[in-house]
Amino acid sequence: MSTPLSILTVCLGNICRSPTAEATLREAAEDAGLQVHIDSAGTGAWHLGNPPDARMRAAAADVGLTIDGLAQRVDLAALQEADLVLAMDRSNLRDLEHVADGAGVDTPIVLFRDFDPDATGTAEVPDPYYGGPDGFAEVVEICRRTSQRLVDALAAGGVEAALTARREDA
Ligand code: 4NP
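Conventions adopted
- Residues numbered from 1 in each chain as written.
- Predicted model: local features only at pLDDT ≥ 70, side-chain atom pairs only at ≥ 80, totals over all residues.
- Heavy atoms only, no water.
- Helix = DSSP H or I, 4+ residues; strand = E, 2+ residues; numbered from the N terminus.
- Polar contact = N/O pair within 3.5 Å; in protein donor to acceptor, adjacent residues only side chain to side chain.
- Contact = heavy atoms within 4.5 Å.
- Phe/Tyr/Trp six-rings, centres within 6.5 Å; stacked < 30°, edge-to-face > 60°.
- Buried < 20%, exposed > 50% of the residue type's maximum accessible area, 1.4 Å probe, protein only.
- Lys NZ or Arg CZ within 6 Å of the ring centre and 35° of its normal.
- Near = heavy atom within 4 Å.
- Areas by Shrake-Rupley, 256 points an atom, 1.4 Å probe, with all protein chains shown as cover.
- Nonpolar A, V, L, I, M, F, W, Y, C, P; charged D, E, K, R; others polar.

*Asks:* Could you clarify how one ought to interpret the side chain of Asn-14 in this entry?
*Replies:* Structurally, Asn-14 is set in the loop between strand S1 (5-11) and helix H1 (17-32). Within polar-contact distance, the side chain of Asn-14 engages the side chain of Ser-18 at 2.9 Å. Here Gln-72 takes part through its backbone nitrogen, which lies 2.9 Å from a polar atom of the side chain of Asn-14. Leave out the neighbours within four places in its chain, and Asn-14 touches Pro-19, Ser-40, Ala-41, Gly-42, Leu-70, Ala-71 and Gln-72.

Spelled out as structure tokens, the structure:
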């Protein structure tokens, strides 16, 4: 049996966006019968060991999605071990590229919303942390539709196919 693909989603705190993307990717992969190992991490260390933000869990629960896991910080080993790393915003992407480039890691690292069928241009998953409930609901919506598209592409032909399936204007 081949080893399942390994995907890592990354945001700043690992308590809002990346655990949501982790959950929606897992949900879409399960629906598609695709074997994928999915994990999430943050570039910052403020919330290490904490569960996802209660507001994020509530917005997810409103639409039947469970978000779990405990916040962890992304490290070099996690970047090396993943087959695909998905950054939630451009700042996360820059931070990850800095670490990967410095260590010669060649794992593909791209913006998650490069796969969002409803986005245009360089789209980010907006940081909901300092905003109201609508922002958390929006994160769930974005993560669900983006995960669906990405999993479809992964099911069709693995990471190479997925990278090719990124929006042309991304
Ligand atoms: P996340 O959201 O990066 O989506 O987990 C945030 C969580 C915490 C903070 C900022 C964003 N913070 O400033 O503590």
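Right, picking up where we left off after that structure.
*Asks:* Even after reading the chapter, I still don't get the packing of aromatic side chains, so can you show me in this structure?
*Replies:* We describe a pair of aromatic rings using the distance from one ring centre to the other and the angle between the two ring planes. In total, this model carries 1 aromatic pair according to the counting rule given. Measuring from ring centre to ring centre gives 4.9 Å for Tyr-129 and Tyr-130, while their planes differ by 90°; the resulting arrangement is edge-to-face. With a relative accessible area of 26%, Tyr-129 lands in the partly exposed category. Arg-55 extends its terminal NZ or CZ atom over the ring of Tyr-129, reaching a point 5.2 Å from the ring centre.

*Asks:* What's the story with the site of the ligand in this structure? I'm lost.
*Replies:* All residues in the neighbourhood of the ligand are listed as Cys-11, Leu-12, Gly-13, Asn-14, Ile-15, Cys-16, Arg-17, His-47, Asp-127, Tyr-129 and Tyr-130. Here an oxygen atom of the ligand and a side-chain polar atom of His-47 are 2.8 Å apart. About the coverage of the ligand: the protein hides 93% of its 360 Å² of free accessible area. Of the residues contributing to the shell around the ligand, the split by class is 6 nonpolar, 3 polar and 2 charged.

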